[in-house]
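Listed here are the chains, written in short residue letters.
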Amino acid sequence: MTDRRLLLVHAHPDDESIGTGATMAKYVAEGAHVTLVTCTLGEEGEIIPGDLAHLAADRDDALGPYRVGELAAACQALGVEDHRFLGEPGRWRDSGMMGVASNDHPKAFWRADLDEAAGELVKVIREVRPQVLVTYDDNGFYGHPDHIQAHRVARRAFELAAKAGHGEGEPWQIAKFYHTAVPRSIMRRGTEALREADTGFLIEDVDDMPYGCADEDVTTEIDARPWIGNKIEAMRAHATQITVRPPWYALSNDIGQEVLGVEHYTLAMGVPGPSVPGPPVDAGGLGEPHTRENDLFAGIH
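Predicted model only: the values in this text are computed from it and were never measured.

Scoring rules and cut-offs
- Residues numbered from 1 in each chain as written.
- Predicted model: local features only at pLDDT ≥ 70, side-chain atom pairs only at ≥ 80, totals over all residues.
- Heavy atoms only, no water.
- Phe/Tyr/Trp six-rings, centres within 6.5 Å; stacked < 30°, edge-to-face > 60°.
- Helix = DSSP H or I, 4+ residues; strand = E, 2+ residues; numbered from the N terminus.
- Buried < 20%, exposed > 50% of the residue type's maximum accessible area, 1.4 Å probe, protein only.
- Lys NZ or Arg CZ within 6 Å of the ring centre and 35° of its normal.
- Pairing = 2+ DSSP bridges.
- Axes fitted to C-alpha atoms, helices over the stretch in contact; angles between N-to-C directions.
- Polar contact = N/O pair within 3.5 Å; in protein donor to acceptor, adjacent residues only side chain to side chain.
- Contact = heavy atoms within 4.5 Å.
- Right-handed = clockwise from strand over helix to strand, strands pointing away.
- Core = buried A, V, L, I, M, F, W, Y, C linked by side-chain atoms within 4.5 Å.

**Q** Would you mind going over the packing of aromatic side chains with me for this structure?
**A** Counted according to the given criterion, the structure contains 5 aromatic pairs. Between Phe158 and Phe177, the aromatic rings sit 5.4 Å apart at their centres with planes inclined by 20 degrees, giving stacked as the arrangement. Of this pair, Phe158 sits in helix α4 (residues 145–161) while Phe177 sits in strand β5 (residues 176–181), and the two are 19 residues apart along the sequence. Phe158 sits in the buried class, given a relative accessible area of 10%. When the ring centre of Tyr27 is taken as reference, the NZ or CZ atom of Lys26 above it lies at 5.8 Å.

**Q** Would you take a moment to explain the sheet that holds strand β4 (residues 132–135) for this structure?
**A** With mixed pairing, 7 strands are arranged side by side in an open sheet as β3-β2-β1-β4-β5-β10-β6. Strand pairing shows two members of the sheet lacking a second neighbour, β3 (82–85) and β6 (220–223), which therefore form its edges. In this sheet, adjacent strand axes meet at a mean angle of 25 degrees when their direction is disregarded. Here strand β2 (residues 33–38) runs beside β3; their pairing, made up of 4 bridges, is parallel. Within β3, the position partnered with Val37 by the bridge is Arg84.

**Q** Please clarify how the side chain of Thr266 should be interpreted in this entry.
**A** With respect to the secondary-structure elements, Thr266 resides in strand β10 (residues 262–269). Of note is the side chain of Thr266, whose polar atom sits 2.9 Å from the backbone oxygen of Asp217. When neighbours within four sequence positions are excluded, Thr266 is seen to be in contact with Phe177, Tyr178, His179, Ala181, Asp217, Val218 and Thr219.

**Q** I keep staring at the pairing of β2 and nothing clicks. Help me out?
**A** Put simply, side chains in a regular strand alternate between the two faces of the sheet. Counting buried positions along β2 gives 5 out of 6 residues, so the element sits mostly inside the fold. By the bridge criterion, 6 bridges tie strand β1 (residues 5–10) to β2 in an arrangement that is parallel. Among the inter-strand pairings, Leu7 is bridged to a residue of β2, identified as Thr35. Considered for its hand, the β-α-β crossover made up of β1, helix α1 (residues 15–29) and β2 is right-handed.

**Q** I would appreciate a short explanation of the nonpolar core in the present structure.
**A** Soluble globular proteins tend to pack their nonpolar side chains together in the buried interior. Counting 30 residues, the largest nonpolar core has Leu6, Tyr27, Val132, Val134 and Leu296 as its most contacted members. Sorting the residues of this core by element identifies β1, α1, β2, α2 (63–78), β4, α6 (228–237) and β10 as the ones contributing at least two each. Top element by residues in this core is α2. It accounts for 5 residues. Every residue in contact with Val134, bar those within four places of it in the chain, is listed here: Leu6, Leu7, Leu8, Val9, Thr20, Tyr178, Thr180, Tyr265 and Leu296.

In structure tokens form, the structure reads like this:
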């Protein structure tokens, strides 16, 4: 299928690379049109490198514009040429973690009017006409307010885009709506390997992590290991937010996590395609022993 169009909705710069970078690079390389919509500039991100500390969020929001540049470099690494900010750059602001003062900023994405924000996404959907939409689950993958709001906005736009009379453009029905996912079995495998490696990163028990799902909840896995180099390059582009020591990385909490070349999803709406055996185990012990969809476009005609 040559006219495949994939739309991903992410909350902040760097989310796209960490969770879906290998998938994006794979589909771009295979000729699909990949559109990335980012909802904020990531103004509240915690800066890792000391030489960039002057970009801290309480200093005139200098971090947001800087992260725009990081995101552009990441998209280049992934081959993604169609990137947009929801509405326009800076239309909505990074809300910060749940329960902090920045949640109440008048421009915080967490406070955005749902139909207004969804209306901006409807414009993109009707222009691009994607068959597949990817975002987080209703808990925002790990409970961040902007991730939760990204789910709400994407879900609402999914509904509105298919109805006549809701904004400009012809109605468009997206065929499949996916949530990002990471099975806990994969997390445990990574944690066990991290314990044996000399990375300098901290180690956290999987049961204490604020994300992860049961293996049986995953419907789809994308084997994008040939493009893991693109993903690593994209993650390195987000230097304010991510420390990368392949095959590991850490955010500002310095807790080590595995850079995944097989990325997982849960089909939330739409008809699943055929299930097939997972990718074979390679020399590094990577691979998946499950039978699942292996293509986000599976079953779409």
